[in-house]
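As a plain string of letters, each chain reads:
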Amino acid sequence: MTNRVFGHVSHYRPGDLFSSRAELSVARVHAPLRSGVSGTQAEGVDSLVLADQYEDDLFTEELIWYTGHGGRDAKTGKQVTDQLLTCRNAAFLTSRESGQPVRVLQKVTDEVRGQVYRYEGLYTVLDSRYEQGKSGFMVWKFLLKPRKS
DNA sequence: TCCATGCGCGGCC
DNA sequence: GGCCGCGCAGTGG
């Protein structure tokens with residue numbers, strides 16, 4: 001069993017701002033303090049964070065290509081090896097099968113508050129690819145689109 | 001520059 | 001299922 005929550009948490013809604021990962025964790029909107037993905041291979045992804053860390057990411061109003069996990073140098077953040085189908089990446093495949101909603105957070109700069117995390121809303125994982133990224137190494141990419149509420 | 005901290009997962013019972 | 005220990009990680013003080 002689990003207490004993982006898919007969909008909106010508590011009273012939090014799209015547009016809400018959080019000042020830190022710790023705040024997101026306490027609110028249970030995105031529990032892990034550092035990991036960008038919250039979820040398991042068995043249950044799927046319940047939330048993720050876009051932090052402008054992966055060069056192969058793409059974020060528009062209509063869709064997100066979220067780069068999978070791993071293969072990066074811890075210091076430089078550059079891809080240095082091929083990504084593997086780790087449990088965390090496999091969690092996206094589970095979500096794609098289940099169609100469960102994924103909470104999406106994005107690190108943005110607010111005029112008043114500086115660096116904050118904005119709740120973008122609920123998305124659905126629609127596709128996955130394993131292809132060569134900008135670095136030349138193989139990366140996982142997951143296509144997400146906003147859910148129609 | 002260092003490292004805490006929450007969590008996923010495997011091992012074991 | 002529950003407990004424990006390990007190692008990771010889209011931070012952040």
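Residues numbered from 1 in each chain as written. Chains lettered and ligands numbered in written order. Predicted model: local features only at pLDDT ≥ 70, side-chain atom pairs only at ≥ 80, totals over all residues. Heavy atoms only, no water.

Considerations on the protein's contact with DNA strand C
Thinking step 1. As a structural note, the neighbourhood of DNA strand C is formed by 19 residues, with Gly36, Asp57, Tyr66, Thr67 and His69 the closest of them.
Thinking step 2. Among atoms of DNA strand C positioned within 4 Å of the protein, sugar and phosphate together represent 54%.
Thinking step 3. Taking Arg34, its side chain carries an N or O atom lying 2.9 Å from a base oxygen of DNA strand C.
Thinking step 4. One of the backbone nitrogen or oxygen atoms of Tyr54 is found 3.3 Å away from a base nitrogen of DNA strand C.
Thinking step 5. Looking at the surface near DNA strand C, its residues break down into seven nonpolar, six polar and six charged. (Near = heavy atom within 4 Å. Polar contact = N/O pair within 3.5 Å; in protein donor to acceptor, adjacent residues only side chain to side chain. Nonpolar A, V, L, I, M, F, W, Y, C, P; charged D, E, K, R; others polar.)

Overview of the packing of aromatic side chains
Thinking step 1. This model, assessed by the stated rule, comprises five aromatic pairs.
Thinking step 2. Taken together, a centroid distance of 6.1 Å and an interplanar angle of 5° make the contact between Trp140 and Phe142 stacked.
Thinking step 3. Note on Trp140: relative accessible area 12%, which makes it buried.
Thinking step 4. Owing to a relative accessible area of 0%, Phe142 belongs among the buried residues under this scheme.
Thinking step 5. Against the face of Tyr54 rests Arg72, its NZ or CZ located 4.1 Å from the ring centre. (Phe/Tyr/Trp six-rings, centres within 6.5 Å; stacked < 30°, edge-to-face > 60°. Buried < 20%, exposed > 50% of the residue type's maximum accessible area, 1.4 Å probe, protein only. Lys NZ or Arg CZ within 6 Å of the ring centre and 35° of its normal.)

Brief notes about the environment of Ser98
Thinking step 1. In this fold, Ser98 is placed in helix H2 (residues 87-98).
Thinking step 2. For the pair formed by Ser98 and Pro32, sequence separation is 66 residues and the distance between their alpha carbons is 22 Å. (Helix = DSSP H or I, 4+ residues; strand = E, 2+ residues; numbered from the N terminus.)

A closer look at unusual backbone geometry
The general pattern is negative phi for most residues beyond glycine and trans for most peptide bonds.
Thinking step 1. Look at Ser10: it is not a glycine, yet its phi comes out positive at around 50°.
Thinking step 2. Take Ser10: it is sitting in the segment before strand S1 (17-18).
Thinking step 3. Judged by relative accessible area, Ser10 falls into the exposed class, the value being 52%.
Thinking step 4. With a phi close to 60°, Asp52 is a non-glycine residue in the positive phi region.
Thinking step 5. Tracing the sequence through the fold places Asp52 in the loop between strand S3 (44-50) and strand S4 (58-59).

Some thoughts on the protein's contact with DNA strand B
Thinking step 1. As a matter of local geometry, DNA strand B sits amid Arg4, Arg28, Ala31, Leu33, Arg34, Gly39, Thr40, Gln41 and Cys87.
Thinking step 2. The sugar-phosphate portion of DNA strand B accounts for 87% of its atoms within 4 Å of the protein, the bases making up the rest.
Thinking step 3. In this structure, Arg4 approaches DNA strand B through a side-chain N or O atom, which is 3.1 Å from a phosphate oxygen.
Thinking step 4. Arg34 places a side-chain nitrogen or oxygen 2.7 Å from a base nitrogen of DNA strand B.
Thinking step 5. For the surface near DNA strand B, the per-class residue count stands at three nonpolar, three polar and three charged.

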